[in-house]
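Notes for the structure review
Residues per chain, in single letters:
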Amino acid sequence: MTSKTIASLLKTVAKSQDIEIKGWVRTFRANRFIALNDGSTLQNIQCVVDFDKMEEALLKRVTTGAALHIKGQLIESQGKGQSVEIAVTSITVLGDSDPETYPIQPKKHSFEFLRENAHLRTRTNTFSAVMRLRSTLSFAIHKYFNDNGFYHMHTPIITGSDAEGAGEMFRVSNLDAKNPPLNEDDTVNYKEDFFGKETNLTVSGQLEAETYAMSLGKVYTFGPTFRAENSNTSRHLAEFWMIEPEVAFMDLAGNMDLAEDFMKSVLRYVLEHNREDLEFLEQRLLDEEKTKPQSERSEMSLIEKINFVVDNNFKRVSYTEAIDILKNSNPNKKKQFKYIIDKWGADLQSEHERFLVEKHFKCPVILFDYPANIKAFYMRLNDNTEPGRETVRAMDILFPGIGEMVGGSQREERLHVLKEKMKALDISEEELWWYLDLRKYGTAVHSGFGLGFERLVMFTTGMGNIRDVIPYPRTPQNAEF
Ligand code: 4AD
């Protein structure tokens, strides 16, 4: 007989059939009721032990956290709260488990404590629900692109170009750190390094994705990206996963349509497939809300928020309109913003983005047409912009509670404009010769965006700290596990 998962057993109609099951003990009550969980579902299965028929020494080893192999009969449950249970005929404790030191006790633990025990935190309901949702979201993303004619490409993780400018990079080198080979001017001689040049971990797969879009049409990359920024916030990681579609012959309006349709589609998918986990996390948040003053409580529950995004259009607002709204806003006039908005051209901080989505529009917002000088070199310069007020075809998607979820743009397809921009920013043409080639051979309008996967998981699960939606977070001063 092969073991079944708890998820499949709970869907079965009990007919006193013999079954086997393996899992970890969540609780063992009254020497009689074992709540067993195997990760296949949020729910535990109740295993009922006949105390008189079991050796006491064996039962002593049935402790919270222990791994068990249970044989028994699946029967209709005698108690409340579950439809079926297992009348246990035999228990094998699969290995040692020390109940004295096991960190995940059947009580409420703080998220800080669980972060320190991240290798065991998926044995709690909250983290198992979050990580099942993360897995479903990842699948839904691949499914969306596959269903819509996109090719998945793997962009390199080690990169020789530092052109994206998306953030500080982590160097990849196998030179002797204590005694590196030096040039005559005492700088490190990377010609002697593994790749014969300076290399780093990638901050984005976009530039390489562009090369494939210009031959395969519609592509996406979904991989880890690395940024060595010292931003110790609840929304930044040094290693995070990014989804970057890139599409030939698509302009900025098409890019916005794609991003909106894509996000709604993956959220719809989790609503349909992970109801149990979502309902659990919704309840967790409702309980947390009860501890807050009425004025700080959220107007919508978790599932209502997700449904709201799925059912409503994202508001599309130009940067210029957004600046006018912010300039005239109460927090700006009353100097409650840390960074006061006084003129066109200001870079928007997260306090401004949050005001726009949470207070002003109260829905996801796509901001577009940003000033050229606060955005990356590869973004398409708008035609007919006023001198001194040049804008690029950029878009950022802002979400309530999260802030920036997506950053993207129509790309500059005109060789001479791109070269001028690179020159102004001192970006080497030699390094990006291949990127410039795209503008020499069969150049065309094309666009794409990057979605921060962990920020999407935060929104979907209602978790407030990005460290709690990735298995092993990498942040400044922290790379445990
Ligand atoms: O806006 P960003 O920097 O865009 C790019 O990297 C472009 N190359 C994307 C493209 O057009 N293909 O980053 C995109 C998204 C952000 O909107 C945010 O959701 C997420 O990546 N992100 C982070 N997530 C977690 N930790 C960080 N340090 C992040 N930095 C960006």
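Here the structure is a predicted model, which is why all the values come from computation and not from measurement.

1. As for the overall build of the protein chain
Assigned secondary structure in the protein chain consists of 14 helices and 16 strands. In terms of principal-axis extent, the alpha carbons of the protein chain reach across some 85 × 60 × 45 Å. Within the protein chain, the fraction of its 481 residues that count as buried is 49%. A separation of at least 24 residues holds for 69% of the contacts in the protein chain among residues at least 6 apart in sequence.

2. Some thoughts on helix H7 (residues 275-290)
Here H7 spans 22 Å end to end across 16 residues, near enough to the 22 Å set by a 1.5 Å rise per residue. Packed against the buried residues of H7 are helix H3 (111-116), helix H4 (125-147), helix H6 (252-273), helix H8 (302-311) and helix H14 (453-461).

3. Structural notes on the sheet that holds strand E9 (residues 199-201)
In space, the 3 strands of this open sheet follow the order E7-E9-E8, with antiparallel pairing throughout. Two strands in the sheet have a free side with no partner beyond their single neighbour: strand E7 (158-159) and strand E8 (171-172). Bridge count for E8 against E9 is 2 bridges, and the pairing is antiparallel. Bridge pairing in E9 links Val172 to Thr199.

4. Regarding the nonpolar core
The biggest cluster of nonpolar side chains holds 63 residues, and the ones touching the most others in it are Ile141, Phe262, Met263, Met395, Phe399 and Met405. For this core, the element with the most residues is H6, which contributes 11 residues. Once residues lying within four places of it in the same chain are set aside, the contact partners of Met395 are Leu252, Asn255, Met256, Ala259, Ile366, Leu367, Phe368, Val406, Gly407, Gly408, Ser409 and Phe449.

5. Details of the site of the ligand
The local shell around the ligand holds 24 residues, among which Glu164, Gln206, Glu244, Glu404 and Met405 are the closest. With respect to the ligand, the side chain of Arg227 contributes an N or O atom lying 2.8 Å from an oxygen atom. Between the ligand and Phe449 there is a distance of 3.4 Å, counted from a nitrogen atom to a backbone nitrogen or oxygen. For the ligand, the protein covers 92% of the area, taking 630 Å² as the surface of the free molecule. Of all the secondary-structure elements, those providing two or more residues to the shell around the ligand are strand E11 (239-248), strand E15 (403-410) and strand E16 (446-452). Sorting elements by how many residues they give to the shell around the ligand places E15 first, with 5 residues. In terms of residue class, the shell around the ligand is made up of 8 nonpolar, 8 polar and 8 charged.

6. Here's the deal with the packing of aromatic side chains
All chains considered together, the criterion is met by 20 aromatic pairs. Relative to Phe262, the ring of Phe145 has its centre 4.9 Å away and its plane inclined at 25°; by these criteria the two rings are stacked. Here Phe145 is found in helix H4, whereas its partner Phe262 is found in helix H6, with 117 residues between them in sequence. As far as burial versus exposure is concerned, Phe145 and Phe262 are alike and both buried. On the numbers, 6.1 Å between centres and 65° between planes, the contact of Phe377 with Tyr435 is edge-to-face. Here Tyr435 lies in helix H13 (residues 433-437) and Phe377 lies in the loop between strand E13 (365-371) and strand E14 (391-399), a separation of 58 residues in the sequence. Tyr435 carries the same exposure label as Phe377, and that label is buried. An aromatic cluster is defined as three or more aromatic residues linked by ring pairs; in this entry it consists of Tyr144, Phe145, Phe150, Tyr220, Phe262 and Phe449.

Criteria and thresholds
Residues numbered from 1 in each chain as written. Predicted model: local features only at pLDDT ≥ 70, side-chain atom pairs only at ≥ 80, totals over all residues. Heavy atoms only, no water. Helix = DSSP H or I, 4+ residues; strand = E, 2+ residues; numbered from the N terminus. Buried < 20%, exposed > 50% of the residue type's maximum accessible area, 1.4 Å probe, protein only. Contact = heavy atoms within 4.5 Å. Expected span 1.5 Å × (residues − 1). Pairing = 2+ DSSP bridges. Core = buried A, V, L, I, M, F, W, Y, C linked by side-chain atoms within 4.5 Å. Near = heavy atom within 4 Å. Polar contact = N/O pair within 3.5 Å; in protein donor to acceptor, adjacent residues only side chain to side chain. Areas by Shrake-Rupley, 256 points an atom, 1.4 Å probe, with all protein chains shown as cover. Nonpolar A, V, L, I, M, F, W, Y, C, P; charged D, E, K, R; others polar. Phe/Tyr/Trp six-rings, centres within 6.5 Å; stacked < 30°, edge-to-face > 60°.

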